Amino acid sequence: MTVQEPADDVRIPRAQIGSSPQHLLTTLLGEYLDSSAADLPSTAVIAMLHEFGVSESSARAALSRLVKRGLIAIRENRRPPVYHLTSQAIAKHRSRVQHFLNFGAHPPQWTGDWVMASFSIPSSGQASRHAVRRSLSALRFVGLYDSVWIRPGSDAAPVKETLSELLRHVDGARWSVMHVRFDEESGPHGPAAAYDLTALAAGYSAFVEQYAELRVAARAGEVDAARALVARTSAMDSWRTFPDIDPDLPDHLLPKPWPRQQARDTFLDIHSRLGALAQARLIQVATPYWPDAASWITHFQASNDPARPEPTGGKHGVRPARTDGGQGPRDRATH
């Protein structure tokens, strides 16, 4: 249930409902580029985002923000500006794509272990209290009580480091990190009650409903390249929020029926079947401004090897892109 997060100096924009241009551009770069050697003209980025209704000024603002975040860098002395992904960002993207595509493939190997973090901060430390709660949420902890937070698993190192960094200079602050087991995990006062699983299930069901028509059209080969790019990117942008908010609890703690598998099948079906079409459209849109676009633009597919998704197509890809629209997720994805 742990997630690899290399390249900590690169800050990926937080997942959110709806897509800001910055968030959308992050999705595009992560899905369709896999090399820091590619020179990406700003005009090509503007054309790509225009496919999604993003204005030129908003596209330039998104580029500027991603430079500040360390996701992309500017090639010096080039006019118009030319950007490239940083090597740290490539590592981050690969890890995140792996996480998005593999999430939910297997139930967690449950040992009954939880990490519990508790803290006490004087009333004068309101800002520190807010900072601790934000950081614990980012580490996928949830509040069991006001100052007692938990997460499934046994890896306590990240939260120990975080609490020490935030509170060691706060006068009167105390904190503890423990490994615990609950006598009643699923009861009304157990850890499962700390999660809003009803809302999460509703989110999965809404995802299935939102993309049901697209899935049918993709299976029937009725999606053209222009629609494929926007639709596939939208599906990834919507799906990527779930691995970050779903605590991946063991089956016996989940309400029945649990709609995650149906949502995952929907996502992977769309993602795999529309990959080559979306790649082709992105190349078509970018090439007038970036003649080498076909050499660098790729797309990721779920792999038979769960350790890595496969960049597919482009002269710098692993293998040629499929031309048959791909197969369903059960043919290529890990379940």
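The preceding data block contains the structure.
Cut-offs applied
- Residues numbered from 1 in each chain as written.
- Predicted model: local features only at pLDDT ≥ 70, side-chain atom pairs only at ≥ 80, totals over all residues.
- Heavy atoms only, no water.
- 1 Å grid on protein atoms, 1.4 Å probe; cavity = no way out; pocket = protein on both sides within 12 Å on 5 of 7 lines; lining within 4 Å.
- Points joined across faces, edges and corners; volume = space filled by probe spheres on them.
- Nonpolar A, V, L, I, M, F, W, Y, C, P; charged D, E, K, R; others polar.
- Helix = DSSP H or I, 4+ residues; strand = E, 2+ residues; numbered from the N terminus.
- Polar contact = N/O pair within 3.5 Å; in protein donor to acceptor, adjacent residues only side chain to side chain.
- Salt bridge = Lys/Arg side-chain N within 4 Å of Asp/Glu carboxyl O.
- Buried < 20%, exposed > 50% of the residue type's maximum accessible area, 1.4 Å probe, protein only.
- Pairing = 2+ DSSP bridges.
- Axes fitted to C-alpha atoms, helices over the stretch in contact; angles between N-to-C directions.
- Contact = heavy atoms within 4.5 Å.
- Expected span 1.5 Å × (residues − 1).

This part takes up the layout of surface pockets. When its volume is computed, the second largest pocket comes out at roughly 190 Å³. The wall of the second largest pocket is formed by 13 residues, among which Pro107, Asp251, Leu254, Trp258 and Arg260 lie closest to the centre. Its residues assigned to classes, the lining of the second largest pocket shows 7 nonpolar, 3 polar and 3 charged.

We now examine the side chain of threonine 26. Mapped onto the elements of the fold, threonine 26 is located in helix α1 (residues 21-32). Looking at threonine 26, its side chain comes within polar contact range of the main-chain oxygen of glutamine 22, at 2.9 Å.

A word on the pattern of salt bridges. Summed over the entire model, instances satisfying the criterion amount to 14 salt bridges. Measuring nitrogen to oxygen at the nearest pair gives 2.8 Å for the salt bridge that ties arginine 96 to aspartate 244. Placement of arginine 96 in helix α4 (residues 87-102) and of aspartate 244 in helix α9 (residues 242-245) is noted, with a sequence separation of 148 residues between them. Arginine 96 sits in the buried class, given a relative accessible area of 12%. Under the relative-accessibility criterion, aspartate 244 is labelled partly exposed at 27%.

Applying the stated criterion across every chain, the model contains 2 cavities of 30 Å³ or more. In this structure, the largest cavity occupies an estimated 80 Å³ of space. Gly30, His93, Val97, Phe100 and Arg240 are the residues nearest the centre of the largest cavity, which is lined by 11 residues in total. Class assignment for the residues of the lining of the largest cavity results in 4 nonpolar, 4 polar and 3 charged.

As a further point, take the sheet that holds strand β7 (residues 174-180). Think of a sheet as strands paired side by side through backbone hydrogen bonds, with each pair either parallel or antiparallel. Reading across from one edge, β5-β6-β4-β7 is the order of the 4 strands in this open sheet, with antiparallel pairing throughout. For this open sheet the edge positions go to β5 (142-145) and β7, each flanked by a neighbour on one side alone. Across this sheet, the average inter-strand angle for adjacent strands is 30°, counted without regard to direction. As paired elements, strand β4 (residues 114-120) and β7 share 7 bridges and run antiparallel to each other. The partner of alanine 117 across the bridge, within β7, is valine 177. Where helix α5 (residues 126-138) meets the sheet, it contacts β4 and β6 (148-152), and its direction lies at approximately 170° from that of β4. Packing of helix α6 (residues 157-167) onto the sheet brings it into contact with β4 and β7, and relative to β7 it is tilted by some 175°.

Here we take up α4. Taking 1.5 Å of rise per residue, the 16 residues of α4 would be expected to cover 22 Å, and the 23 Å separating its terminal C-alpha atoms lies within 8% of that figure. Turning to α4, its buried residues number three or more, namely Ala89, Ile90, Lys92, His93, Ser95, Arg96, Val97, His99, Phe100, Leu101 and Asn102. Check the buried side of α4 and you find it contacts α1, β3 (82-85), α8 (225-239), α9, α10 (260-273) and β8 (299-301). In the stretch just after α4, glycine 104 is the one whose phi turns positive, near 85°.

Taken together, 3 strands build an open sheet; the order of strands is β1-β3-β2 and the sheet is antiparallel. Strand pairing shows two members of the sheet lacking a second neighbour, β1 (40-41) and β2 (72-74), which therefore form its edges. Looking at chain direction, β1 and β3 are connected through 2 bridges and run antiparallel. Bridge pairing links leucine 40 to tyrosine 83 in β3.

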